[in-house]
Structure formats: structure tokens, C-alpha cells
Amino acid sequence: GNSVTQMEGPVTLSEEAFLTINCTYTATGYPSLFWYVQYPGEGLQLLLKATKADDKGSNKGFEATYRKETTSFHLEKGSVQVSDSAVYFCALSSPEYGNKLVFGAGTILRVKS
Amino acid sequence: GAVVSQHPSWVICKSGTSVKIECRSLDFQATTMFWYRQFPKQSLMLMATSNEGSKATYEQGVEKDKFLINHASLTLSTLTVTSAHPEDSSFYICSAKEYWYNEQFFGPGTRLTVL
């Protein structure tokens, strides 16, 4: 079945550092890929998405590129801020599984000033 | 943006009692609502999908008699954990979507602790 694997955290960075959170997936067919962010005390919010190979999703300085050849969707940001501290979830959905979301375990990001 | 609320945000109950968790869409009509369960340091696992006015569809391995889901209106779904036991302790998260859009909007979650 479909599954998502993302790097374990917590990831601790200084402000303005470069961020990468790795995400790889296993899926049949052509899934859509997502990154969600959960700030403390809030619900998950969609950060960005990509629906086909080589698509790049971007939002708030974050980017991720759908790489079918490596089945990856790594999240990157060039310069993190303290306000980016949150939990980040990689997820996928595919028509073969009724478009249900399948999540990775989540990665805690802590940014220090 | 679309807002989904959950109530309560945390609850502690005794083993054998039932607990009801509410999920509300505050500014849109949620034709479909989803209930997830999250264990510490683990993924969100989909428990069930409910469409307004019809019975919920449960994922494999989820006991429908233990986790009762009601989606009686376009803005409210409830999850009742019946005869709760300590192994039901978890973080329960709901999400909701409108008919026309694929995006799910998530509630903040409910922490259930069964003593």
C-alpha cells in the first residue's frame, strides 16, 4: 500500500540557516504530494503541494519538487525564521486509494534565534 | 481561510465510560469529514470518513461499535469513544472538506487520556 517516510526529528537550526526535511514515498499510480505544517496548539495547515512529476510546490519561502525517479518530495527553505518552528508532515493521496491522505510521522523543527 | 474547531481540546475519563468529541466547520459546509488518530511520534492514521447524512466508512481494523461517528449536519460531526480503555488514549484529529474542493481543513485535535 501507500506509505510515506520522512526524516526523524527534532531538527534544530539557527535563524537564517538552510532547511531540508527529507520525504520519500511508496505509492501505486500517480499520487499527489503534500507538505502540511502544524504550529503549536493549531490544526494542520496545507503548506504546499504538487500533483505531477517535476512539479514544484512553493509557499512562504518553502519549496518541494516532485521527483518521480527518486520517489521523493524533500522540503527546503533557504533561510528559516524562529516563526517556522512547528511540526511538518509529508503526505500523499492517490485515486487508487480513494484520494485518502497518507501521512509521514512528522518532523519537529526548532529554530533558535 | 476555512476554520475547523474541536471540542474538547483535552479530556480525561475513567475506564469504561464513553467520551464524545465534536468537530465543527465554522465558516463552510463540510460535506465530508475525516477522523484521524495519532500516537506519539507516529503518523496520523485515518480512522473513518463520514459524509453528511450517511453512515461513516471505517478503515480496516477500526472497530465501528467502539468509535461511533455521527455526521448529522453540514457543520458538525461527532466521534464517541464507547467504553473507553487506557489503550484508547490518543490524540484524535478531525478534518473537513467542502464538496467542490479537494483540500481538507484540520481541527486542532483532542487529547484523550483514559485512566
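Anything mentioned here points back to the structure above.
In short, a report on the structure. In this text, all values refer to a predicted model and were calculated from it rather than measured experimentally. (Residues numbered from 1 in each chain as written. Chains lettered and ligands numbered in written order. Predicted model: local features only at pLDDT ≥ 70, side-chain atom pairs only at ≥ 80, totals over all residues. Heavy atoms only, no water.)

## A look at the overall build of chain A
Phase 1: When helices and strands are tallied, chain A shows zero helices and twelve strands.
Phase 2: Secondary structure of chain A in N-to-C order comes out as β-β-β-β-β-β-β-β-β-β-β-β.
Phase 3: Its C-alpha atoms give chain A a radius of gyration of 14 Å, near enough to 13 Å, the size a compact globule of 113 residues would have.
Phase 4: Considering only C-alpha atoms, chain A reaches an extent of 45 × 30 × 20 Å along its principal axes.
Phase 5: Here chain A, with 113 residues, has 43% of them falling under the buried criterion.
Phase 6: Contacts spanning at least 24 positions in sequence make up 56% of the contacts within chain A whose residues lie at least 6 apart.
Phase 7: Total accessible area computed for chain A in this model is approximately 5,400 Å², and 48% of it derives from carbon and sulfur atoms.
Phase 8: On chain A, the mean spot of the 10 positive side-chain charges and the mean spot of the 11 negative ones are 4 Å from each other. (Helix = DSSP H or I, 4+ residues; strand = E, 2+ residues; numbered from the N terminus. Rg over C-alpha atoms; globule rule 2.2 N^0.38 Å. Buried < 20%, exposed > 50% of the residue type's maximum accessible area, 1.4 Å probe, protein only. Contact = heavy atoms within 4.5 Å. Areas by Shrake-Rupley, 256 points an atom, 1.4 Å probe, with all protein chains shown as cover. Lys, Arg positive; Asp, Glu negative; His and termini not counted. Charge placed at Lys NZ, Arg CZ, Asp CG, Glu CD.)

## Considerations on the packing of aromatic side chains
Phase 1: Following the criterion strictly, the structure yields eleven aromatic pairs over all chains and no others.
Phase 2: Between Tyr-36 of chain A and Phe-103 of chain A the ring centres are 5.7 Å apart and the planes differ by 55 degrees, which places this aromatic pair in the tilted class. One end of the pair, Tyr-36 of chain A, is in strand 5 (residues 32-38); the other, Phe-103 of chain A, is in strand 11 (residues 102-103), and 67 residues separate them in sequence. Neither residue differs from the other here; Tyr-36 of chain A and Phe-103 of chain A are each classed as buried.
Phase 3: Summarising the aromatic geometry, the rings of Phe-103 of chain A and Phe-106 of chain B are spaced 6.0 Å apart at their centres and angled 80 degrees between planes, so their arrangement reads as edge-to-face. Of this pair, Phe-103 of chain A sits in strand 11 while Phe-106 of chain B sits in strand 10 (residues 105-106), placing the two residues on different chains.
Phase 4: An aromatic cluster is defined as three or more aromatic residues linked by ring pairs; in this entry it consists of Phe-34, Tyr-36, Phe-89 and Phe-103 of chain A together with Tyr-36 and Phe-106 of chain B. (Phe/Tyr/Trp six-rings, centres within 6.5 Å; stacked < 30°, edge-to-face > 60°.)

## Some details on the sheet that holds strand 8 (residues 62-65) of chain A
Residue and element names in this part refer to chain A.
Phase 1: The four strands lie next to each other as 3-9-8-7, forming an open sheet whose pairing is antiparallel. Looking along the sheet, the strands with just one partner apiece sit at the ends: strand 3 (19-21) and strand 7 (56-59). Put simply, the sheet's adjacent strands are angled 15 degrees from each other on average, direction ignored.
Phase 2: Of the pairings in the sheet, the one linking strand 3 to strand 9 (residues 75-77) comprises three bridges and is antiparallel in character. In the sheet register, Leu-19 faces strand 9, and the bridge partner there is Lys-77. (Pairing = 2+ DSSP bridges. Axes fitted to C-alpha atoms, helices over the stretch in contact; angles between N-to-C directions.)

## A few points about the side chain of Gln-6 of chain A
Residue and element names in this part refer to chain A.
Phase 1: In this structure, Gln-6 sits in strand 1 (residues 3-6).
Phase 2: Residue Gln-6 is classed as buried on the basis of its relative accessible area of 9%.
Phase 3: Side-chain polar atoms of Gln-6 contact the backbone nitrogen of Cys-90, separated by 2.9 Å.
Phase 4: When residues no more than four places from it in sequence are discounted, the contact partners of Gln-6 are Ile-21, Asn-22, Cys-23, Trp-35, Tyr-88, Phe-89, Cys-90, Gly-104, Ala-105, Gly-106 and Thr-107. (Polar contact = N/O pair within 3.5 Å; in protein donor to acceptor, adjacent residues only side chain to side chain.)

## Focus: a nonpolar patch on the surface
All names here are of chain B.
Phase 1: A cluster of nonpolar side chains, namely Trp-10, Ile-12 and Leu-115, defines an oily patch on the protein surface of about 390 Å² accessible area.
Phase 2: As for its placement among the helices and strands, Leu-115 is situated in the segment after strand 11 (110-114).
Phase 3: Residue Leu-115 is classed as exposed on the basis of its relative accessible area, which comes to 62%. (Patch = residues over 30% accessible without salt bridge, like charges linked within 9 Å, V, L, I, M, F, W, Y side chains within 5 Å. Salt bridge = Lys/Arg side-chain N within 4 Å of Asp/Glu carboxyl O.)

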